[in-house]
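# Breakdown of the fold
Below, each chain spelled out in residue letters.
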Amino acid sequence: MRKHVHALGGASLLLGVSIIATQAQVLEPTTPPEPPEFAAQSEPNFVGVSEILGFEALDEYHEPEWVTENFVEPGLLPPVEERLPAEPMVYKTSNMPDGIGVYGDVMRHVIGGRPEGWNYIGGQSQGWGGIDIGLSECLTRTGPLFMVNADELEPLPNLAKSWEWSEDGHELTMHLIEGAKWSDGDPFDSEDIMFFWEDNVLDSNVSPLNGATPETFGTGTTLEAVDEYTIKWTFQEERPTQYLYQMAYGTFCPGPSHILKPEHPNYSDNTYEEYKNAFPPDYLNIPVMGGWVPVEYRAEDIIVMRRNPYYWKVDEEGNQLPYLDELHYRLSTWADRDVQTVAGSADFSNLEQPESFVESLRRSAEETAPARLQFGARTIGYALQMNLSANGWGDPDEREQAVRELNRELDFRKAVTSAVDRQRLGNSLVQGPFTAIYPGGLYAGTPFYDRESTAYYPFDLEGANAVLDEMGLEDTDGNGIRNFPEGGEDIEITLLANTDYATDTNVAEAVIAMMQPLGIRVVANFQSGTSRDDSAAAGQFDWQIVRQGAEVASVVQNTVALAPVGPRTHTFHRAGPDGELDLMPFEQELVDIVNEFIATSDTEERVDLMHEFQQVYTENVFAVGLTQYPGALIINKRFANVPAGTPIFQYNWAEDSVIRERLYVPEDQQTDAALFPNTLPGEPGSDGPTEGEPS
Ligand code: GLA
């Protein structure tokens, strides 16, 4: 059989070349080895959603004494009951590991990212590490679902306190919390929702952080405001409950329309770039719905956040949350986050870089260790993603276009995956039972994973080389690098990776080295997190090393990210300038499977669909899996109410899952680390917090 390279653009170096199909016996997949035993160190106490929280009016409400004395009594702030919604969210005491908390103290975070500004829905990153998670509240919430019974699994209500489906299943009516306010006292209502949807999600000139696009909520889906506190979704699908997960962090978290709207190009003379950048890091006191407001920013040093006096969640005794008055975000490195948290000079880390595992474990095992460290399941992993758009996404030059066409060849992807020695790669990060061979697709730690449906191409350098020979990709000029056919150039591929993490660059270096004996020159294109994210979103990469998202760790969260279901939803295959995707047949299959998964709530059918997904994904090497391993939550021992078994990553990162607004520090263990004690956020855009008037 002779096979033709398909989908060649006019500029292609491969143009018109036909190649001989590889022999069937070369590079046959097998099932992957069982991952080494590594038991999670603590299990969640499983409960139903209604055992965690509800919405109700309580007889009385409380706040920290200094808020009453310095702000309410002098008339600077309305009494707490007037600041809360009619029915605040109430956390159930029985689900709090240590019960009702006390006010005070600080959680000291360290991050390796840097804030671009505060316009989350306009596409700006706040530097990660949970800052945006602390500022933003979303229609639903999924981080804490790790503790919800499997048979009751559905997103927690949040800004949407309840919802119901129409009889035909095409309409979803959501009821927003009533009478809640942004941290500056401005009412929160459906106008905020509609501004997010119409002017940020539907407006393709805006790319909200974490990538909400219309198709994120289903092709043809519409949203309208029924009244101040009611919104209505209309879906093409019948009862697609899966989209409730997309309404959680990070794809449906509205911003303060009263502040953002006047800067949006539809309502001002601003360009889209000016809108995006209208709230730089030194714009303080941006109104939020989250527990804490940024009140101080010192470049390359720290971001300080103070309690939101209008926060709309309480405990069963009516104490307004959060219990913690202040959050710190030290602007340092991700590795420093581990080091400082283990040492006790910071409070919280997701131990996710295997290079730090051994030292962190050793130090945390000491009796005097200030922090506890607990490993969870293998839900952190890396893949090599090839740019599969041959349609002009990212405006490729001739070489880049030729690489993309090569990326679209199954034999090429098979050769690349077979040239990766995953055992060696994992061991180069850390020795021991942590890392496991990851062929690609779903992680072994998810309930939807099925080993038998996983096609694993074992390390076989010889076979890989033979396949490339048969593709006609030979080293015609004898310099050790294969050439494109017909006297073409050396095959040189750039590899985009994030320099904020040692693991990302180490994994990238390993891949670069492993491609050398395959005769492929891979050149590092290492960029800081923010510019990496921008390059990736713009389609400016040949290959990229990626620490993957919740879609492969949980399947139900971020499901739409599993395949290119929309023109702009996917990480490595998007539409070109004409808005069209150029899906290969197996990709269309993946899209169909994902859409079917979204459209059904039949458990067995869903399991079968994901097995099929895994098979199509791995047989076709949609992306090249590299390594998967567990992460550990490190948290200072003085914090109470840390839920058992909190994973660092599953439906969301631990900063969400741990429910920070319920964490507290018992009085006798509180520190004096607060930088702005007894202050509250100031007016939006004003300089720093306000002290009130001590009475
Ligand atoms: C970064 C960190 C993660 C986590 C997230 C939260 O990605 O690497 O551990 O803190 O931010 O968004």
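Residues numbered from 1 in each chain as written. Predicted model: local features only at pLDDT ≥ 70, side-chain atom pairs only at ≥ 80, totals over all residues. Heavy atoms only, no water.

### Some thoughts on the site of the ligand
In plain terms, the rule: Here a residue counts as near a molecule or strand whenever at least one of its heavy atoms sits within 4 Å of it. Polar contacts, as used here, are pairs of N or O atoms within 3.5 Å; protein pairs need one atom able to donate a hydrogen and one able to accept it. Residues neighboring in sequence count only if both atoms are side-chain atoms. Reported accessibility uses the Shrake-Rupley method at a 1.4 Å probe radius. Residues are deemed covered only where the shown protein chains occlude them. Gly is put with the polar residues, along with every residue not named as nonpolar or charged; the nonpolar set is Ala, Val, Leu, Ile, Met, Phe, Trp, Tyr, Cys and Pro, and the charged set is Asp, Glu, Lys and Arg.
Trp128, Gly129, Gly130, Trp334, Arg337, Asn350, Glu352, Tyr501, Arg547, Trp653 and Glu655 make up every residue found near the ligand. At 2.9 Å from an oxygen atom of the ligand is found a main-chain nitrogen or oxygen belonging to Gly129. Here the ligand, which alone exposes 300 Å², has 96% of that area covered by the protein. Considered class by class, the residues forming the shell around the ligand number four nonpolar, three polar and four charged.

### Let's talk about a negative patch on the surface
Going by this rule: Only residues above 30% relative accessible area that lack a salt bridge enter a patch, with like-charged residues linked at up to 9 Å and the nonpolar side chains Val, Leu, Ile, Met, Phe, Trp and Tyr linked at up to 5 Å. Each reported salt bridge corresponds to a side-chain nitrogen of Lys or Arg within 4 Å of a carboxyl oxygen of Asp or Glu. Only four residue types enter the tally: Lys and Arg on the positive side, Asp and Glu on the negative side; His and the chain ends are excluded. Note that the charge is assigned to NZ on lysines, CZ on arginines, CG on aspartates and CD on glutamates. In this text, helices come from DSSP runs of H or I with a minimum length of four residues, and strands from runs of E with a minimum of two, each type numbered from the N-terminal end.
The grouping of Glu589, Asp592, Glu596, Asp602, Glu604, Glu605, Asp608 and Glu612 at the surface amounts to a negative patch. The set of elements that each furnish at least two residues to the negative patch consists of helix 17 (585-599) and helix 18 (603-619). Considering every element that reaches the negative patch, the biggest residue donor is helix 18, with four residues. Mapped onto the secondary structure, Glu612 falls in helix 18.

### A look at the state of the cysteines
Just so we agree on the cut-off: We call a pair of cysteine sulfur atoms a disulfide when they lie within 2.5 Å.
All told, the structure shown has one disulfide when counted by the stated rule. Covalently, Cys138 is tied to Cys253 through a disulfide, its sulfur atoms 2.2 Å apart. Here the disulfide of Cys138 and Cys253 is right-handed, its torsion about the S-S bond being about 85 degrees. You can see Cys138 sitting in the loop between helix 3 (131-135) and strand 6 (140-141) and its partner Cys253 sitting in the loop between helix 5 (243-246) and helix 6 (257-260), a full 115 residues away along the chain.

### Here we look at the packing of helix 11 (residues 410-418) against helix 13 (residues 461-470)
Applied cut-off: Only the stretch in contact is used when a helix axis is fitted, and all axes are lines through C-alpha atoms; the angle between N-to-C directions ranges over 0 to 180 degrees. Any angle from 65 to 115 degrees is called roughly perpendicular, while one under 35 is roughly parallel, one over 145 is roughly antiparallel, and all others are oblique. Crossing handedness is read from the near helix: turned anticlockwise from the far helix by less than a right angle, it gives a left-handed crossing, and turned clockwise, a right-handed one. Should any heavy atoms of two residues lie within 4.5 Å, those residues are counted as being in contact.
It is at 8 Å that the axes of helix 11 and helix 13 come closest, and there the two elements cross at 155 degrees. Comparing their axes, helix 13 and helix 11 come out roughly antiparallel. The interaxial crossing formed by helix 11 with helix 13 has left-handed handedness. Residues Asp411, Phe412, Ala415 and Ser418 of helix 11 touch helix 13, and the partners they reach there are Leu461, Ala464, Val467 and Leu468.

### Thoughts on the packing of aromatic side chains
To be explicit about the condition: Here the aromatic set is Phe, Tyr and Trp, taking the six-membered ring for Trp, and pairing holds for ring centres within 6.5 Å; pairs whose planes are under 30 degrees apart are stacked, those over 60 apart are edge-to-face, and all others are tilted. In this scheme, a residue with accessible area under 20% of its type's maximum is buried, one over 50% is exposed, and one in between is partly exposed, where area comes from a 1.4 Å probe on protein chains only.
Taken as a whole and assessed by the stated rule, the structure comprises 33 aromatic pairs. When the ring of Trp197 is compared with that of Trp233, the centres are 5.4 Å apart and the planes differ by 80 degrees; the resulting orientation is edge-to-face. Linking Trp197 in helix 4 (residues 190-201) with Trp233 in strand 11 (residues 230-234), this pair joins segments that are 36 residues apart in sequence. Trp233 shares its class with Trp197; the two are buried. Aromatic pair Phe357 and Phe375: ring centres 5.2 Å apart, planes at 75 degrees, arrangement edge-to-face. Separated by 18 residues along the polypeptide, Phe357 in helix 9 (residues 357-364) and Phe375 in strand 17 (residues 371-375) bring together distant segments of the chain. Accessibility assignment for this pair places Phe357 and Phe375 in one class, buried.

### A word on the sheet that holds strand 19 (residues 436-437)
Rules: Here, any two strands with at least 2 DSSP bridges between them count as paired.
Read across the sheet, six strands follow the order 19-23-18-22-20-21 without closing on themselves; strand pairing throughout is mixed. Edge positions in the open sheet fall to strand 19 and strand 21 (521-527), since each of these has one partner strand only. Sheet analysis places strand 20 (residues 492-498) next to strand 21, joined by seven bridges and oriented parallel. Each bridged residue has a counterpart across the sheet, and for Leu495 the counterpart in strand 21 is Ala524. Across the face of the sheet, helix 10 (residues 398-407) comes into contact with strand 18 (380-386), strand 20 and strand 22 (543-547) while running at roughly 85 degrees to strand 20.

### Observations concerning the nonpolar core
Note the threshold: Here, the term nonpolar core denotes a set of buried Ala, Val, Leu, Ile, Met, Phe, Trp, Tyr and Cys residues that are joined through side-chain atoms within 4.5 Å. Segment limits for the domains were obtained from an automatic or database-derived domain assignment.
Formed by 183 residues in total, the largest nonpolar core has its most connected members in Leu139, Trp233, Met247, Phe412 and Met515. If you count residues domain by domain, this core takes at least three from each of domain 1 (2-16 + 378-629) and domain 2 (56-375 + 633-691). Residues contacting Met515, with those up to four places away along its chain left out, are Val416, Ala419, Val420, Ile520, Val522 and Trp543. One finds Val67, Val72, Leu77 and Leu680 within the second-largest nonpolar core, a separate group that totals seven residues.

### Remarks on the domain arrangement of the protein
What counts, and what does not: Take the accessible area each of two parts loses on contact, using a 1.4 Å probe, and add the two losses: that sum is the buried area.
When cut into domains, the protein gives domain 1 (2-16 + 378-629) and domain 2 (56-375 + 633-691). Using only C-alpha atoms to locate each centre, domain 1 and domain 2 end up separated by 33 Å. Listed by partner, the interface residues are 34 residues for domain 1 and 37 residues for domain 2. Of the roughly 2,900 Å² buried at the junction of domain 1 and domain 2 (both faces included), carbon and sulfur atoms supply 55%. Scanning the region where domain 1 abuts domain 2 turns up one salt bridge. The partner of Glu352 in a salt bridge is Arg547, and the shortest N-O contact between them spans 3.1 Å. Put simply, domain 1 and domain 2 have 14 residue pairs in polar contact (both at pLDDT 80 or more) between them. Those elements that provide at least two residues to the side of domain 1 that touches domain 2 are helix 14 (502-515), helix 15 (529-537), helix 16 (550-554) and helix 17.

### Re the sheet that holds strand 12 (residues 292-298)
Spatial ordering of the open sheet is given by 5-15-13-12, a layout of four strands whose pairing is mixed. Single-partner strands in this sheet number two, and they are strand 5 (106-111) and strand 12. Looking at each pair of strands side by side, their axes are set apart by 20 degrees on average, direction ignored. Examined bridge by bridge, strand 12 and strand 13 (residues 302-307) share six bridges and lie antiparallel to one another.

### Topic: unusual backbone geometry
Note the cis peptide between Tyr249 and Gly250, where omega equals 0 degrees. Along the polypeptide, Gly250 turns up in the loop between helix 5 and helix 6. Cis geometry marks the peptide bond from Leu321 to Pro322; its omega dihedral reads 0 degrees. Considering the arrangement of structural elements, one finds Pro322 in the loop between strand 14 (313-315) and strand 15 (326-331). Of note in the backbone geometry, Asn210 takes a positive phi value of approximately 70 degrees without being a glycine. Residue Asp395 is not a glycine yet carries a positive backbone phi of 55 degrees. Within the secondary structure, Asp395 sits in the loop between strand 18 and helix 10.

### Quick look at the UniProt feature "domain: Solute-binding protein family" (unreviewed entry) in the protein
Formally: UniProt positions are given in the numbering used here, feature names are shortened, and annotations may be inferred rather than shown by experiment.
Here, the residues flagged by UniProt with the feature "domain: Solute-binding protein family" (unreviewed entry) are residues 155-552. Across residues 155-552, the secondary structure splits into 27% helix and 21% strand, with the terminal C-alpha atoms separated by 18 Å.

### What to know about the environment of Asp132
Mapped onto the elements of the fold, Asp132 is located in helix 3. In this structure, the C-alpha to C-alpha distance between Asp132 and Thr571, residues 439 residues apart in sequence, is 21 Å. Apart from residues no more than four positions distant in its own chain, Asp132 is found in contact with Tyr120, Gln126, Leu209, Asn210 and Tyr249.

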